[in-house]
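Inside the fold
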Amino acid sequence: MADVRHDVLVLGSCIMDFICYSAKLPKRGETIKGKKFETGYGGKGANQCVAAAKLGSKTALIAKLGADPFGDNYKEHLRNENVNTDQVESVEGHTTGVAQITVADNGDNHIVIVPGANDTMSLEDVDNSRELIDNAKVMVCQLETPTRATLAALKRFKGISILNASPPPLENSLDIFTVPNILCINEHEAASMTQRSVPNLEEAKRAISNFLCLGVRCVIITFGKLGAIFASNDSPKPIHVRTPKCEKAIDTTGAGDAFIGALAHYTAIDPTVPLVQRVGAAVHIATYSVQRKGTQSSYASLQDLGDFDIRTKKFDWSYI
């Protein structure tokens, strides 16, 4: 293995996106005519890794692909995005993961994933990746790969870890929430995990309080066009970071992953920057992505951002 030192290491999924664009999302049992079909590269793990790489982080990915043409093309794509693929394995007898995505004119989407090779992530893979894990600044995990391997990686890692608990676990285990430094979820995942509706910021505030009481160190709940709300055991008073002005949301697919990738990038570059600034930058990057079609193709690069300094940029936030 070559240089194992990375700003951002991601353990997670690679999924091929099959995207249908239509005027609206179909109702239950309804067949509608779409406008356009595209294929793209997705999966929360790869999305978040590419988002960080585009912003300038040196990144690596621990992931599984099928031993098929989709997998071969995906690995080449990752290399073109400057992602270290030393621990991206093609698995015989398994297909590359796929996602069926429908995107409506207003930017809303429906997504169904078939994990395929992603489900083969194991403890052995974590052990085989120990050099990467032991030398990264920030590690990001999600739950599109087996929880056992994810938890083992989080426990081994000694830097700053971010868990995007998506999709929500079927059984809530405190370990998976309390081991990472930062737990990041959206309002729907927060509702599933707390078993209570989270329709607004006040309920999000209560959900965050519940997580902190259970021993979670820091909780960020992303809230779509409303931005994000977060708090930690060190600073338990929740802060709401609002989105910048958005002319029109074209495609919200992968916006949450843009947020996570940006948060990881800015944390790796300088973890001493106040969290409100890092969250503000992540909200900014996510807002950029929803105004463009596609998933990874919609993510901002350093060139796209122009004169953007996280230390001096003024974000719209307040305590709630």
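This is a predicted model, so every value here is computed, not measured.

Moving on, we come to the nonpolar core. Grouped together as the largest cluster of nonpolar side chains are 53 residues, with contacts concentrated most on L61, L78, I220, F259, Y266 and V279. Per-element tally for this core: the top contributor is helix α10 (residues 275–290), with nine residues. Excluding residues within four positions of it along the chain, V279 makes contact with I220, A228, F230, V241, F259 and L263. V126, I185, L212 and A231 belong to the second-largest nonpolar core, a separate cluster that totals 40 residues.

So, about the sheet that holds strand β14 (residues 317–319). Reading across from one edge, β5-β4-β1-β8-β9-β10-β11-β12-β13-β14 is the order of the 10 strands in this open sheet, with mixed pairing throughout. Strands at the two margins of the open sheet, each flanked by one partner only, are β5 (83–91) and β14. Geometrically, the sheet is characterised by an average inter-axis angle of 20° between neighbouring strands, direction not taken into account.

Our focus in this paragraph is the packing of helix α1 (residues 44–54) against helix α9 (residues 255–269). One can describe the packing of α1 onto α9 by two numbers: an axis separation of 7 Å at closest approach and a directional angle of 50°. One way to sum up the angle between α1 and α9 is to call them oblique. For the pair α1 and α9, the crossing hand works out as right-handed. Each of K44, N47, Q48, A51 and A52 in α1 lies in contact with α9, whose residues at this interface are D257, A258, I260, G261 and H265.

In an α-helix there are 3.6 residues to a turn, and that puts residues three or four apart on one side. Given a rise of 1.5 Å per residue, 15 residues ought to cover 21 Å, and the 21 Å separating the end C-alpha atoms of α9 matches this to within 8%. Counting buried residues along α9, 13 of its 15 residues qualify, which places the element largely inside the surrounding structure.

With that out of the way, let us pick up the sheet that holds strand β7 (residues 109–114). Overall, mixed pairing links the four strands, which are arranged β3-β2-β6-β7 in an open sheet. The open sheet has two edge strands with one neighbour each: β3 (36–42) and β7. Adjacent strand axes in the sheet meet at a mean angle of 20° when their direction is disregarded. Sheet analysis places strand β6 (residues 97–103) next to β7, joined by six bridges and oriented antiparallel.

What follows concerns helix α5 (residues 147–156). Taken residue by residue, α5 has A149, T150, L151, A153 and L154 as its buried positions. Of the surrounding secondary structure, the elements contacted by the buried residues of α5 are β1 (6–11), α3 (123–128), α4 (130–135), β8 (136–142), β9 (160–164) and α6 (174–178).

Our next topic: the environment of H6. Mapped onto the elements, H6 comes out in strand β1. Sequence separation between H6 and V138 is 132 residues; the distance between their C-alpha atoms is 8.2 Å. Apart from the residues lying within four places of it in its own chain, the contact partners of H6 are K58, T59, A60, N84, L132, N135, A136 and K137.

What the rule picks out here adds up to seven aromatic pairs. We note K237 situated over the ring of Y319; from NZ or CZ to the ring centre the distance is 5.2 Å.

About the criteria used
- Residues numbered from 1 in each chain as written.
- Predicted model: local features only at pLDDT ≥ 70, side-chain atom pairs only at ≥ 80, totals over all residues.
- Heavy atoms only, no water.
- Core = buried A, V, L, I, M, F, W, Y, C linked by side-chain atoms within 4.5 Å.
- Buried < 20%, exposed > 50% of the residue type's maximum accessible area, 1.4 Å probe, protein only.
- Helix = DSSP H or I, 4+ residues; strand = E, 2+ residues; numbered from the N terminus.
- Contact = heavy atoms within 4.5 Å.
- Pairing = 2+ DSSP bridges.
- Axes fitted to C-alpha atoms, helices over the stretch in contact; angles between N-to-C directions.
- Parallel < 35°, antiparallel > 145°, perpendicular 65-115°, else oblique.
- Left-handed = near helix turned anticlockwise from the far one by under 90°.
- Expected span 1.5 Å × (residues − 1).
- Phe/Tyr/Trp six-rings, centres within 6.5 Å; stacked < 30°, edge-to-face > 60°.
- Lys NZ or Arg CZ within 6 Å of the ring centre and 35° of its normal.

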